[in-house]
Structures are given as structure tokens and as C-alpha cells.
Amino acid sequence: ALMTKTEGGNPFNTVAREFVLELKASSIYPYFKLFSAGDGGDQHEVTTLGHAMHQWHHVVAIIDRVRHVMEIWVDGTIAGSATDSYSSIYINSHPLLIGGTEETWEQYSVPKGAMDELRIYNRALTPDQILALYHSHK
């Protein structure tokens, strides 16, 4: 199984790890998973259904600590959402890892693909903003 991860926080402590967005290709239809932790508690997660391989996908992951939701948008459409009960963000000095992980489990591997125009916001995007970004990159 291929798992591509972008994560913030300590990769060896799931409570200290603030978020993880991963692409898991365990079949012919890979899917995205978003994990969130906070307030010293365990992770919440949201998973999408499968997506076609060998083509570009526009992916937006949102952890909104004001509305208490997590969302994954794929190609301009909401593909999964879940409640995120946490209100604080764990601040630490661990590096942000993009396109890989320090975890050594056999199921994790180096990404077999490409990323383009990665953006990180300090606020949750609105549905209109997500759609505008998606249509501007088609």
C-alpha cells in the first residue's frame, strides 16, 4: 500500500501530531484521509471514497477549529467531512513534513507521483474560495 503524507507535529506521537493528510493507494482507487488532533486528545479522522489514478486531483483539506469540522474537497466537490471537537492548535517545534513521513512502518513509502502548487492557509477556505481555486487550475 502506498501512503503519501503531509503532517505537522511529532510524527512519532499521534497525540502531539496536529494533522495528517494522506493518500492511500491500497487498490485501483486511492483515497484520502485527514487526521486531526488537539486539546491533548486523540485524533479524529475523515476518509473519502476512491478516486481515479494517473490523473491530477485538486485536493483541499480543512480543519476548522471555529466551526469544529474537518473536510476534504476533491476536484471542487466535498468528498468527506467529520466533526472536529477541538478548539486549540498544538504548537510545537517539529518540522512540517510534505510528501513523506518519518514513520518506518512497512505500509508507508515514498510518494509515487507529483504535487504542484501546494498552499497552506491560516484560515479555513469557504466553499466559494475552494471552487474558485479549483476552476482557476483546471
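Residues numbered from 1 in each chain as written. Predicted model: local features only at pLDDT ≥ 70, side-chain atom pairs only at ≥ 80, totals over all residues. Heavy atoms only, no water.

Another aspect to go through is the overall build of the chain. The helix and strand inventory of the chain stands at 1 helix and 8 strands. Element order for the chain, N to C, with α for helix and β for strand: β-β-β-β-β-β-β-β-α. Residue burial in the chain is summarised as follows: out of 138 residues, 39% are buried. Sequence separation of at least 24 residues holds for 48% of the intrachain contacts in the chain that already meet a minimum separation of 6. For the chain, the accessible area works out to roughly 8300 Å², and carbon and sulfur atoms hold 55% of it. (Helix = DSSP H or I, 4+ residues; strand = E, 2+ residues; numbered from the N terminus. Buried < 20%, exposed > 50% of the residue type's maximum accessible area, 1.4 Å probe, protein only. Contact = heavy atoms within 4.5 Å. Areas by Shrake-Rupley, 256 points an atom, 1.4 Å probe, with all protein chains shown as cover.)

Looking at the secondary structure, you find Asp64 in strand 5 (residues 59–64). Polar side-chain contacts of Asp64 include one of 2.9 Å to the backbone nitrogen of Val66. Within the structure, Asp64 has its side chain in polar contact with the side chain of Arg67 (distance 2.8 Å). For Asp64, the contacting residues outside a window of four places in its chain are Val69 and Ala124. (Polar contact = N/O pair within 3.5 Å; in protein donor to acceptor, adjacent residues only side chain to side chain.)

Grouped together as the largest cluster of nonpolar side chains are 7 residues: Leu21, Phe32, Leu34, Val46, Met70, Ile72 and Val74. For this core, the element with the most residues is strand 6 (residues 69–74), which contributes 3 residues. When neighbours within four sequence positions are excluded, Phe32 is seen to be in contact with Glu22, Leu23, Val46, Thr47, Thr48, His51, Val59, Ile72 and Val74. Listed in part, the 6 residues of the second largest apolar core include Val60, Ile62, Trp73 and Leu133. (Core = buried A, V, L, I, M, F, W, Y, C linked by side-chain atoms within 4.5 Å.)

Turning our eyes to something else, we now look at the sheet that holds strand 6. The sheet built from 3 strands is open, its strands ordered 5-6-7 with antiparallel pairing. The sheet is open, and its two edges are formed by strand 5 and strand 7 (77–83), each paired on a single side. Averaged over neighbouring strand pairs, the angle between their axes works out to 10 degrees when direction is ignored. Pairing geometry for strand 5 and strand 6, over 6 bridges, is antiparallel. Paired with Val60 across the two strands is Trp73, which belongs to strand 6. (Pairing = 2+ DSSP bridges. Axes fitted to C-alpha atoms, helices over the stretch in contact; angles between N-to-C directions.)

Let us look at the pairing of strand 6. Judged by how many residues are buried, strand 6 sits mostly within the fold: 6 of 6 residues are covered. Of the two faces of strand 6, both are covered, the one formed by Val69, Glu71 and Trp73 as well as the one formed by Met70, Ile72 and Val74. The loop that links strand 5 with its antiparallel partner strand 6 comprises 4 residues; one of these, His68, has a positive phi angle of about 60 degrees. In textbook terms, the turn of a hairpin is the stretch between consecutive antiparallel strands, and for strand 6 and strand 7 this stretch comprises 2 residues, one of which, Asp75, has a positive phi near 55 degrees.

In the structure shown here, the tally under the stated rule is 4 salt bridges. Between Asp64 and Arg67 there is a salt bridge whose closest N-O contact spans 2.8 Å. Residue class for Asp64 comes out buried when judged on its relative accessible area of 9%. For Arg67, a relative accessible area of 48% puts it in the partly exposed group. (Salt bridge = Lys/Arg side-chain N within 4 Å of Asp/Glu carboxyl O.)

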